[in-house]
Amino acid sequence: MDRTINASRLSERIHMLSEIGKIEETGVNRLALSDTYKTGMDLVRKWMDEAGLTTRYDNFGNLIGRIEGKKKDARRVMIGSHIDSQPYGGRFDGTIGVLGGLEAVQTMIENGIEPDIPIEVISFCDEEGHRFGVGLFGSRGITGQLDPGELERTDKDGITRRQALIDFGADPDQLGASVYDPSAISAYVEMHIEQGPNLEAIDQPVGIVRGIAGPRWMTVELAGESGHAGTVPMEKRRDPLVGASYIIAAFNNIVQSEAGASSVGTVGSLDVFPGGRSIIPERVTFTIDLRDTDLKRRETYEAALKQSIEKVALEHDLTYTLHDDGGTVPKISSDNIVRIMESESESIGLTPPVLMSGAFHDASNMADICDMGMIFVRSKAGISHNPAEYSSDEDIAIGTELLYHTMLRLAKK
Ligand SMILES: [Zn+2]
């Protein structure tokens, strides 16, 4: 494959950035708005400045590097991701999208190509959400989707997000000034590690993302009757944990009922009250996380789950409450961007599969206001949010080459 981007510069930058907040040999701890985060963001800003971009921080703590187009007021193309990490995170999650985006723009500048429309590379603040409990802060911020009270959320040391933004140098009282006018953005493209095993399984370096699954969250509470484990006969029991196990098994079957579909369902938390070896439980609470890229199918599965809860409660003489914990609708990539990625892949000798994202990304929020597209880069064993997270320099370079050509097409108007 002919390589236009500077792969060694890109790999050098990824590895230099991973030195900031480095843990163990290969891990990173760069929590949003921390000192290490600021050091990392400043370094990325310096590279953007050197490449010739006009840089600024906004009031959400996002870093933005801009290059003007021939048509100054045209709707811009944005490329980005994030460089904050989980506390025990890896080097590639988010960073390859920011540094790959910068590499694409820098290559364009070095090749003397002037885009028709402005291009912005954005490093979003607090995608991971570990420090203040909710993530995708910067992308929800610029798209006007923050919830009330978000500035008052605190980290484990009692520092509010408001204070952390002030310490970072942002002005949380002027957030409105940093919200984008949706009509000023034509497209957003993000390259990210897959964080899943699919590309590795089919031996492909990169994939084109068709959409981002939307999660549906619920909490199920089942109540029965507590009693002595040695004295209450089996046929007299109203055991909510037995009921819960039938429901969980049924849920697991429901989400697998359509072969080849991208549906996933998880019960990640289960509380048993009062909880003891010799006590029949009185109450059981468990969570539901149901994700799909097809909203219709997700709704069908949700209805089937509710039927199963109803049926099991009846059979085991239990009462139940279902709490609605919300969720989001799936976000679908723009057909136009997928087509561009497919044709550019072909011209550089790639045959990437089109796949779905089960995880959230800043792209999920950007899809609400403009055309969205994503490129996935192969992850070793699908491991992420862990120092063992790994994507090869070669795969990242291939993804960035595709990002570069996609960007050039989008920047032509
Ligand atoms: Zn990420």
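Residues numbered from 1 in each chain as written. Predicted model: local features only at pLDDT ≥ 70, side-chain atom pairs only at ≥ 80, totals over all residues. Heavy atoms only, no water.

An unreviewed UniProt entry lists the chain under the name M20 family metallo-hydrolase, with Salinicoccus sesuvii as the source organism.

Participant: Account for the domain arrangement of the chain, naming residues and giving values.
Facilitator: Interface size is often expressed as the accessible area that is lost when the parts come together. According to the domain assignment, the chain contains domain 1 (7–212 + 330–410) and domain 2 (214–327). The straight-line distance from the C-alpha centre of domain 1 to that of domain 2 is 37 Å. Contact with domain 1, which involves 8 residues of that partner, is made by 10 residues of domain 2. In total, domain 1 and domain 2 occlude about 560 Å² of area from one another, counting both sides; carbon and sulfur atoms represent 73% of this. (Domains from an automatic or database assignment. Contact = heavy atoms within 4.5 Å. Buried area = accessible area lost by both parts, 1.4 Å probe.)

Participant: Which residues make up the UniProt feature "domain: Peptidase M20 dimerisation" (unreviewed entry) in the chain, and what values go with them?
Facilitator: UniProt records the feature "domain: Peptidase M20 dimerisation" (unreviewed entry) for residues 214–316 in the present numbering. Taken end to end, residues 214–316 comprises 35% helix and 30% strand; its first and last C-alpha atoms sit 32 Å apart. (UniProt positions renumbered as here; feature names shortened; annotations may be inferred. Helix = DSSP H or I, 4+ residues; strand = E, 2+ residues; numbered from the N terminus.)

Participant: Let's hear about the packing of aromatic side chains: which residues, and what values?
Facilitator: Per the counting criterion, the structure on display carries 6 aromatic pairs. Ring centres of Phe60 and Phe137 lie 6.1 Å apart, and the angle between their planes is 70°; on these two criteria the pair is classed as edge-to-face. Within this pair, whereas Phe60 is found in the loop between β3 (54–57) and β4 (63–67), its partner Phe137 is found in helix α4 (residues 137–142), the two being separated by 77 residues in sequence. With a centroid separation of 5.9 Å and an interplanar angle of 90°, the aromatic rings of Phe92 and Tyr390 are classed as edge-to-face. Placement of the pair is Phe92 in the loop between β5 (76–82) and α3 (95–110) and Tyr390 in the loop between β18 (371–377) and α11 (393–410), with a sequence separation of 298 residues. Members of the aromatic cluster, each reached through a chain of ring pairs, are Tyr37, Tyr57 and Phe168. Here Arg283 stacks its cationic end above the ring of Phe273, 4.4 Å away from the centre of that ring. (Phe/Tyr/Trp six-rings, centres within 6.5 Å; stacked < 30°, edge-to-face > 60°. Lys NZ or Arg CZ within 6 Å of the ring centre and 35° of its normal.)

Participant: Residues and numbers for the pattern of salt bridges, please.
Facilitator: Applying the stated criterion to the full structure yields 31 salt bridges. Among the salt bridges present, the one from Asp203 reaches Arg378, with a minimum N-O distance of 3.0 Å. Taken together, the positions of Asp203 in the loop between α6 (198–201) and β8 (206–212) and Arg378 in the loop between β18 and α11 put the pair 175 residues apart, joining distant regions of the chain. Here Asp203 falls in the exposed class, since its relative accessible area comes to 58%. In this structure, a network of salt bridges that share partners links the residues Arg66, Glu68, Arg76 and Glu120. (Salt bridge = Lys/Arg side-chain N within 4 Å of Asp/Glu carboxyl O. Buried < 20%, exposed > 50% of the residue type's maximum accessible area, 1.4 Å probe, protein only.)

Participant: Which residues make up unusual backbone geometry, and what values do they have?
Facilitator: With omega at 0°, the peptide bond leading from Phe273 into Pro274 counts as cis. The phi angle at Glu24 is positive, at roughly 50°, despite the residue not being glycine. Structurally, the position occupied by Glu24 is in the loop between β1 (22–23) and β2 (27–28).

Participant: Describe in detail α11, supporting the description with residues and values.
Facilitator: Counting along an α-helix, one turn takes 3.6 residues, and residues three or four places apart therefore face a common direction. The end-to-end C-alpha distance of α11, which contains 18 residues, comes to 25 Å, matching closely the 26 Å that a straight helix rising 1.5 Å per residue would cover. Most of α11 is tucked away, with 15 of its 18 residues classed as buried. (Expected span 1.5 Å × (residues − 1).)

Participant: Help me get a handle on a nonpolar patch on the surface, residues and values and all.
Facilitator: The grouping of Leu241, Leu270 and Val272 at the surface amounts to a nonpolar patch, some 190 Å² of accessible area in total. If you trace the backbone, Leu241 turns up in helix α7 (residues 240–254). The class for Leu241 is partly exposed, based on a relative accessible area of 31%. (Patch = residues over 30% accessible without salt bridge, like charges linked within 9 Å, V, L, I, M, F, W, Y side chains within 5 Å. Areas by Shrake-Rupley, 256 points an atom, 1.4 Å probe, with all protein chains shown as cover.)

Participant: How would you explain the nonpolar core if you had to name every residue and give the values?
Facilitator: Ranked by internal contacts, the top residues of the largest apolar core, which has 83 residues, are Val105, Met366 and Met407. The biggest single contributor to this core is α11, with 9 residues. Membership of the second largest hydrophobic core comes to 18 residues, among which are Val220, Phe251, Ile288 and Leu290. (Core = buried A, V, L, I, M, F, W, Y, C linked by side-chain atoms within 4.5 Å.)

Participant: Now, about helix α1 (residues 7–17): what can you tell me, with residues and values included?
Facilitator: Buried within α1 are the following residues: Arg9, Leu10, Ser11, Arg13, Ile14 and Leu17. The elements touched by buried residues of α1 are α2 (35–51), α3 and α11.

Participant: Give me the lowdown on the environment of Asp325, citing residues and values where you can.
Facilitator: Tracing the sequence through the fold places Asp325 in strand β15 (residues 319–327). Here the alpha-carbon distance between Asp325 and Val267, two residues 58 residues apart in the chain, equals 14 Å. When residues no more than four places from it in sequence are discounted, the contact partners of Asp325 are Trp217, Met218 and Thr219. Here the side chain of Asp325 touches Thr219 through a polar contact of 2.5 Å, side chain to side chain. (Polar contact = N/O pair within 3.5 Å; in protein donor to acceptor, adjacent residues only side chain to side chain.)

Participant: Give me the lowdown on the side chain of Asp93, citing residues and values where you can.
Facilitator: Among the secondary structure elements, Asp93 is positioned in the loop between β5 and α3. Lacking a salt bridge, the buried Asp93 has Arg30 as its closest oppositely charged neighbour, with an N-O distance of 9.2 Å. Within the structure, Asp93 has its side chain in polar contact with the side chain of His82 (distance 3.1 Å). In terms of polar contacts, Asp93 uses its side chain to reach the side chain of His385, at 3.1 Å. When sequence neighbours within four positions are dropped, the list of residues in contact with Asp93 reads His82, Asp84, Glu128, His192, Ile193, Gln195, Ser384, His385 and Glu389. (Lys, Arg positive; Asp, Glu negative; His and termini not counted.)

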